[in-house]
Every structure is written in C-alpha cells, then in structure tokens.
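# Residue-level structural notes
Here is what each chain is made of, one letter per residue.
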Amino acid sequence: MKKLFYGLACCIILLASCQTEKKDSLEFKNVNQVLTKSFSNLNTLDTFKIELTGRKAADIVLHFTIVSAAGKEIFAENLKGKDLVNNTDPNIDLSKEKDQLIYLKTIANDFFAEDNFLEPAVMPEDKADNNAPDKELYEDLKKSGLNGFKYRLGKETNLYIAWDDKEKKVKVYYKCC
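For every chain, the first residue of the written sequence is number 1, and numbering continues from 1 along that sequence. Reporting of local features is limited, given that this is a predicted model, to residues whose pLDDT is at least 70; pairs of side-chain atoms are given and counted only at 80 or more, and all residues count toward the totals for whole chains, interfaces and linings. Hydrogens are left out, water is left out, and the side-chain values use all remaining heavy atoms of the structure.

## Examining unusual backbone geometry
We apply this condition: Helix and strand labels come from DSSP, where a helix needs a run of H or I of at least four residues and a strand needs a run of E of at least two; each type is numbered from the N terminus.
Along the chain, Glu119 connects to Pro120 via a cis peptide bond; the corresponding omega equals 0°. For Pro120, the position within the fold is in the loop between β5 (117-118) and α4 (135-144). At Lys168, a residue that is not glycine, the phi angle is positive and equals roughly 55°. Mapping Lys168 onto the fold places it in the loop between β7 (157-164) and β8 (169-176).

Quick look at the structure:
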C-alpha cells in the first residue's frame, strides 16, 4: 500500500509540474496574414502577404511578399527574427526568448497597420532629401500618384517601397529613421 501511495504521489507531482510548465510556456502560433491593396497599379489590387514561421526566436523568419493582380510575385523579402531582435531599441529588454517571441509576433501582427500603407507614396509637395536613394523614382512617384508601403527593419530603419513603373519592379524610394 505504501508503494502504491508513493507511486500515486509521484504521478501527481509529475502531472502538476507538467501543468505548471505548460502554463508558463508561450503558446506560439505562426502568423499568416493576407490583404489586398492598390500598389503597382491604381486600378487593381495587389496581394500583400506576411508569414512568420519558426518555433524559436533564433530560427524565426518573417516572409513578406507582394503579388500583382496578374498573379506575378513582384516583391519578396525574408527578414530573420534574430536580426529584428538585434536591431531593436536597446532600452527594450529582450534577453529572454519568451520576450523575443512576443516581440516578433507583435511585429508581424502590426506589419499591415493602416499607417504603413502610404496613399500616395509621395505627396506632391514633398521634396526628395538625402534619405531618398533614387531621386528620379521619388519624382516619378509624385507624378504618378502610385501608393507606397513602409516597414521597419530595426530601431532606426524604415524602408519605404513603391512600384517603379519604368523598371517594372518594386524599389526602395526612401530609407529613414
């Protein structure tokens, strides 16, 4: 009877410790978002897709693609989770993997925030400055009224992308803080 009691007690303790571990661990589900917006052509909708894959912060990749209304992939970028974590504000404590996962999931969930879609990409009164790597594209965007999209690479780096109608591809038209 003592052996049965000790065996049962060990099972209860083991079960309780498993329950505690499960409660304290972060439930991580991959983020997969798709939406359509006017981008490469003002009269059609392109498909924007973001997917966050991986289980550990060091292995996570944020896949960002844009597919034209005609079904052609016009932009693709894979952002490594470890790079996003390493390029964050040093005042944010991301020393624990749980906090890194929460941070990366927040980035993915906020990637398609409404203020990241720039309609138009460049306002008619805007002037190109040193943060515009392609001044000609910047001026062309002013004239065409095409839309843009911005996303963050780190604490001080935002990339602004738009469709370059001359080169028929998506390009960075502004890179800034």
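## A few points about the environment of Asp46
Where we set the bar: Here a residue-residue contact requires only that any non-hydrogen atoms of the pair lie within 4.5 Å.
When you line up the elements, Asp46 lands in strand β2 (residues 46-53). In sequence terms Asp46 and Ile74 are 28 residues apart; their C-alpha atoms lie 9.4 Å from each other. With residues up to four places along the chain from it excluded, the contact list for Asp46 reads Leu35, Thr36, Lys37, Phe39, Ser40, Asn41, Ile66, Val67, Ser68, Ala69 and Ile74.

## Some details on the confidence of the model for the protein
Close inspection of predicted coordinates is inappropriate for parts of the model with low pLDDT. The criterion, for reference: The predictor rates its confidence in each residue with pLDDT, a number between 0 and 100.
This prediction gives the protein a mean pLDDT of 85; 83% of its residues lie at or above 70. Taken element by element, the predicted model of the protein shows its lowest mean pLDDT in helix α1 (residues 2-24) (39) and its highest in β5 (98). When the criterion is pLDDT under 50, residues 1-27 qualifies, and its contacts beyond four places in sequence or with other chains add up to four contacts.

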